[in-house]
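What follows is the residue order along each chain.
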Amino acid sequence: MAIIKLSATERRRVSAFFTCLMLAIFAWIFTVLSNPYKYSVKALLVFKNAPQKRAFHSLQPDTVSVDLTGSGWDMLFSKMNGGNRSIPVDLQALETKSYVVLSSQLEQINSKKGFDQPITGFNPDTLYFDFSNRRVKRVPVRLITAIHYQHQFAQSGNIALRPSYVIITGPQNVIDKITEWDSDTLKMDSVDETVKTRVMLRPVSEGNMSVYPKSVQAAIPVDEFTEKVLAMPVKLINNRDYDNVKIIPQKVKITFTTPLTKYAEIDEDFFEATADLDLWRLHNYKALPVTIKKVPQYCRIVKIEPATVDFIIKK
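Residues numbered from 1 in each chain as written. Predicted model: local features only at pLDDT ≥ 70, side-chain atom pairs only at ≥ 80, totals over all residues. Heavy atoms only, no water.

Draft legend 1. Region of the structure containing the sheet that holds strand 22 (residues 288-289). Reading across the sheet, the 3 strands line up as 19-25-22 and stay open at both edges, with antiparallel pairing between neighbours. Only two strands of the sheet have a single partner each, and these edge strands are strand 19 (244-248) and strand 22. Note that strand 22 and strand 25 (residues 308-314) share 2 bridges and pair antiparallel. Within strand 25, the position partnered with Pro289 by the bridge is Thr308. (Pairing = 2+ DSSP bridges. Helix = DSSP H or I, 4+ residues; strand = E, 2+ residues; numbered from the N terminus.)

Draft legend 2. Region of the structure containing the pattern of salt bridges. For the structure shown, the criterion picks out 6 salt bridges. For Glu180, the salt bridge goes to Arg142, with nearest N and O atoms at 3.0 Å. Of this pair, Glu180 sits in the loop between helix 4 (172-175) and strand 13 (181-182) while Arg142 sits in strand 8 (residues 134-142), and the two are 38 residues apart along the sequence. Assessed through its relative accessible area of 35%, Glu180 is described here as partly exposed. Residues joined by salt bridges that share partners form a network here, namely Arg142, Glu180 and Asp182. (Salt bridge = Lys/Arg side-chain N within 4 Å of Asp/Glu carboxyl O. Buried < 20%, exposed > 50% of the residue type's maximum accessible area, 1.4 Å probe, protein only.)

Draft legend 3. Molecular detail of the environment of Arg300. Structurally, the position occupied by Arg300 is in strand 24 (residues 300-305). Given a relative accessible area of 52%, Arg300 falls into the exposed group. In this structure the C-alpha to C-alpha distance between Arg300 and Thr255, which are 45 residues apart in sequence, comes to 8.7 Å. In contact with Arg300, not counting residues within four places along its chain, are Thr255, Phe256 and Thr257. (Contact = heavy atoms within 4.5 Å.)

Draft legend 4. Quick peek at the environment of Val216. Positionally, Val216 belongs in strand 17 (residues 215-220). Sequence separation between Val216 and Val141 is 75 residues, and the spatial gap between their C-alpha atoms is 8.6 Å.

Draft legend 5. Here's a closer look at the pairing of strand 25. Bridging between strand 19 and strand 25 involves 5 bridges; their strand directions are antiparallel. Note on strand 25: the bridge partner recorded for Ile247 is Phe311.

Draft legend 6. Molecular detail of the packing of aromatic side chains. Counted according to the given criterion, the structure contains 3 aromatic pairs. Consider the rings of Tyr99 and Tyr128, whose centres lie 6.2 Å apart with planes at 50°: the pair is tilted. Pair noted here: Tyr99 is in strand 5 (residues 99-101) and Tyr128 is in strand 7 (residues 126-132), with a separation of 29 residues, a long-range link. Plain terms: the ring middles of Trp280 and Phe311 are 6.0 Å apart, the flat faces sit at 70° to each other, and that makes the pair edge-to-face. Taken together, the residues Trp280 in helix 5 (residues 278-283) and Phe311 in strand 25 connect sequence positions 31 residues apart. When its relative accessible area of 25% is taken as the criterion, Trp280 is described as partly exposed. It is Arg202 that lies over the ring of Trp181; its NZ or CZ is 4.1 Å from the centre. (Phe/Tyr/Trp six-rings, centres within 6.5 Å; stacked < 30°, edge-to-face > 60°. Lys NZ or Arg CZ within 6 Å of the ring centre and 35° of its normal.)

Structure follows, in structure tokens:
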């Protein structure tokens, strides 16, 4: 392959040529981007002043195409910023109409300065809505949690929410299907004491619905847990045909976990151990498994010794 050798003067000329070429390209790009252009971007609709006596449902997506006029630089930066812009839409007209004309609110929308350039139009310009009966309903709050406790610590009582109910308002066909309202997920790690915090509720997904209040106060009792062992008498159930049945042994040991604060007060009266004689009568069991029918809240059975009992039937 032939190698072109340039003299020092020729190298300077080539360097100057490419330098001028690059400057010309940058100047051309700058000139092009400085010219005015009409372009469109997507914007999210944010409804306000919803009608109080009419429940509505939007018949189009919750985004519109917004027409803007600006330089090429403005157009370039708007594409780089993505679709994180929103425009407020006043729904007061829905008190008497079934549509809203966005261009009639153009001055009001531009005054909010949501965009760097004034908005010149919308696509679509008219938003249409469907209406149904509006209903108010009171539903319980469901706390969503993702709590990780320290070793030997756990929830030791009922969660208290204040308020425990919320008021939801919206179209009757939607409200009728709602039986509870979820909170945002409460996430905590290494918890070793009672939790008292405010939790936001899940926001409404449609502009024609509302929920009040927006947050609740949550109290979650937390305690350290330990194991306890009790001797429990076994109660025979479904003894319909035989009066004299002897269980061997008559008592079993149950090992369970309990909060330290309740350790002293929990005794055998809090539990009920049973053996079902129908398992022998109907299924020919040779030994009856022991079942704990009654267990205090937040106590967890670890093991039962023995897990089964023998029996003797005297006719």
